[in-house]
Amino acid sequence: MYYATEKQMERLDNLATKNGLEIKQMMELAGWHIISLFSQLRITKAKKVCVVSGVGNKGGDGLSAARHLTNRGHRVSVVLMRSSKLSPDASHHLKLLNKMNVPVYIFSSSVGKKKIKNTDVIIDSLLGYHLKGAPRGLFKEAIEMINASKAKVIAYDLPSGVSASTGKCYDPCIRADATLSLALPKRAFRVAAGKKKSGKVYLADIGIPIFLYDKIKKGSRPKFEAYTHSLIRL
Ligand SMILES: NC(=O)c1ccc[n+]([C@@H]2O[C@H](COP(=O)([O-])OP(=O)(O)OC[C@H]3O[C@@H](n4cnc5c(N)ncnc54)[C@H](OP(=O)(O)O)[C@@H]3O)[C@@H](O)[C@H]2O)c1
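Below you will find a few notes about this structure. It should be emphasised that the depicted structure is a prediction, and the values quoted were computed from it without experimental measurement.

Quick look at a nonpolar patch on the surface
Now for step 1: Side chains of M1, Y227 and L234 sit close together on the surface and give an oily, nonpolar patch of about 280 Å² of accessible area.
Now for step 2: Within the secondary structure layout, M1 lies in the segment before α1 (6-18).
Now for step 3: On the basis of relative accessibility, which here comes to 49%, the residue M1 falls in the partly exposed class.

Remarks on the sheet that holds strand β3 (residues 104-106)
Now for step 1: The mixed open sheet is built from eight strands, whose spatial order is β3-β2-β1-β4-β5-β6-β7-β8. The sheet is open, and its two borders are formed by β3 and β8 (231-233), each paired with just one other strand. Averaged over all pairs of adjacent strands, the angle between strand axes in this sheet comes to 25°, irrespective of strand direction.
Now for step 2: Pairing of strand β4 (residues 121-125) with strand β5 (residues 152-156) involves four bridges; the strand directions are parallel. Paired with D124 across the two strands is A155, which belongs to β5.
Now for step 3: Relative to the sheet, helix α2 (residues 23-40) contacts β1 (48-53), β4, β5, β6 (178-182), β7 (200-204) and β8, its axis offset from that of β5 by approximately 145°.

Remarks on the site of the ligand
Now for step 1: Surrounding the ligand, one finds 22 residues, the nearest of these being N57, G128, H130, K132 and D157.
Now for step 2: Taking D13, its side chain carries an N or O atom lying 3.2 Å from an oxygen atom of the ligand.
Now for step 3: Computed on the free molecule, the ligand has an accessible area of 910 Å², of which 82% lies beneath the protein chains in the complex.
Now for step 4: Breaking the shell around the ligand down by element, the ones donating at least two residues are α2 and α3 (57-71).
Now for step 5: Tallied by class, the residues present in the shell around the ligand amount to eleven nonpolar, five polar and six charged.

A few points about the environment of S109
Now for step 1: By the secondary structure assignment, S109 is in the loop between β3 and α5 (110-117).
Now for step 2: For the pair S109 and V79, spaced 30 residues apart in sequence, the C-alpha separation works out to 9.6 Å.

A word on the pairing of β6
Now for step 1: With respect to burial, β6 is a largely interior element, five of its five residues being buried.
Now for step 2: The alternating pattern of β6 places A178, L180 and L182 on one face and T179 and S181 on the opposite face, and all of these are buried.
Now for step 3: The sheet contact formed by β5 and β6 spans three bridges and is parallel. Counted as the bridge partner of Y156 is L180 from β6.
Now for step 4: Examined bridge by bridge, β6 and β7 share five bridges and lie parallel to one another. Considered in β7, the bridge of L180 is made with Y202.
Now for step 5: Taken together, β6, helix α7 (residues 192-198) and β7 constitute a β-α-β crossover, and its handedness is right-handed.

Conventions used here
- All residue numbers here refer to positions counted from 1 along the written sequence of the relevant chain.
- pLDDT decides what is reported in this predicted model: residues at 70 or higher carry local features, side-chain atom pairs at 80 or more are listed and counted, and totals for whole chains, interfaces and linings draw on all residues regardless.
- By convention in this description, side-chain values take in all heavy atoms of the structure and omit both hydrogens and water.
- Two distance rules govern patches: like charges are joined within 9 Å, and nonpolar side chains (Val, Leu, Ile, Met, Phe, Trp, Tyr) within 5 Å, applied only to residues with over 30% relative accessible area and no salt bridge.
- For accessible areas, the Shrake-Rupley method is used with a probe of radius 1.4 Å. Any residue's cover is judged against the shown protein chains and nothing else.
- Salt bridges are counted wherever a side-chain nitrogen of Lys or Arg sits within 4 Å of a carboxyl oxygen of Asp or Glu.
- Comment: elements are numbered from the N terminus, with helices defined as DSSP H or I runs of at least four residues and strands as E runs of at least two.
- Buried means the residue's accessible area, taken with a 1.4 Å probe over protein chains only, is under 20% of the maximum for its type, while exposed means over 50%, and partly exposed covers the values in between.
- Paired strands, as defined in this entry, are two strands with at least two bridges between them according to DSSP.
- The axes used here are C-alpha line fits, helices contributing only the stretch in contact, and every angle between their N-to-C directions lies in the interval 0 to 180 degrees.
- Contacts between residues were defined by any pair of non-hydrogen atoms, one from each residue, lying within 4.5 Å.
- Summary of the distance rule: residues count as near a molecule or strand when at least one heavy atom falls within 4 Å of that molecule or strand.
- Within 3.5 Å is the distance limit for a polar contact, defined as a pair of N or O atoms, with the added protein rule that one can donate a hydrogen and the other accept it, and that residues adjacent in sequence qualify only through two side-chain atoms.
- When residues are grouped by polarity, Ala, Val, Leu, Ile, Met, Phe, Trp, Tyr, Cys and Pro land in nonpolar, Asp, Glu, Lys and Arg in charged, and all others, Gly among them, in polar.
- Place the viewer so that the strands point away; then a crossover is right-handed whenever the path from the first strand over the helix to the second strand goes clockwise.

Listed below in structure tokens is the structure:
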């Protein structure tokens, strides 16, 4: 299995969009795979789920997951770091959630914080591979609150606060029970510190055309089709 750096992931995503696969389509698939992960982790509908979402594309993954889980009958709420200046693709998924009347709270409100404290499952969709240094401001506060909770934590792509390329775990960074990584595993999973924070790591196909993987590294595409489940357990 090939483990990619931040720059390689950025290049793969750019190649995908240049070839006509839109980010919001990739997010759609990233969100869809949560159903399979919940089934593998045996998370039932009795459990309350809270998606804690940033404003970048990792935020969009969580917002898409919130819709798919709601459609399947899970009790989902969303806590957003802020309500403005979301990435356009994350906004697309937020608009759909608003139409479905899924409860969305702002982290700085007292209800937002209460939701994080009183939930069974937290989906970390705060900071992805474009992390710049230690999580700051509200992100720092949210990560500390998530780590202090008793909820099961599932991180999208890699735990927020972990560097994709080096596996460095900034202070604070999410301590995940499971990670749902997208397209390619990140180098961080091969470094002891990053691996420890990621919990059980699963890898999902988000539809990137096979030939594009060869452009970042020959033969790097995971053989998703060789597995019976839609997720690869690393
Ligand atoms: N094709 C795609 O690109 C695609 C498709 C589907 C899903 N994804 C997911 O999106 C992620 C990458 O998306 P993205 O480029 O939007 O980046 P991101 O890593 O999700 O988030 C970038 C945002 O985080 C903020 N940020 C970065 N470092 C921070 C820190 N230390 N403290 C507080 N805020 C910080 C940035 O704010 P500033 O700008 O102020 O620094 C920016 O608003 C991937 O990990 C993947 O899971 C990507």
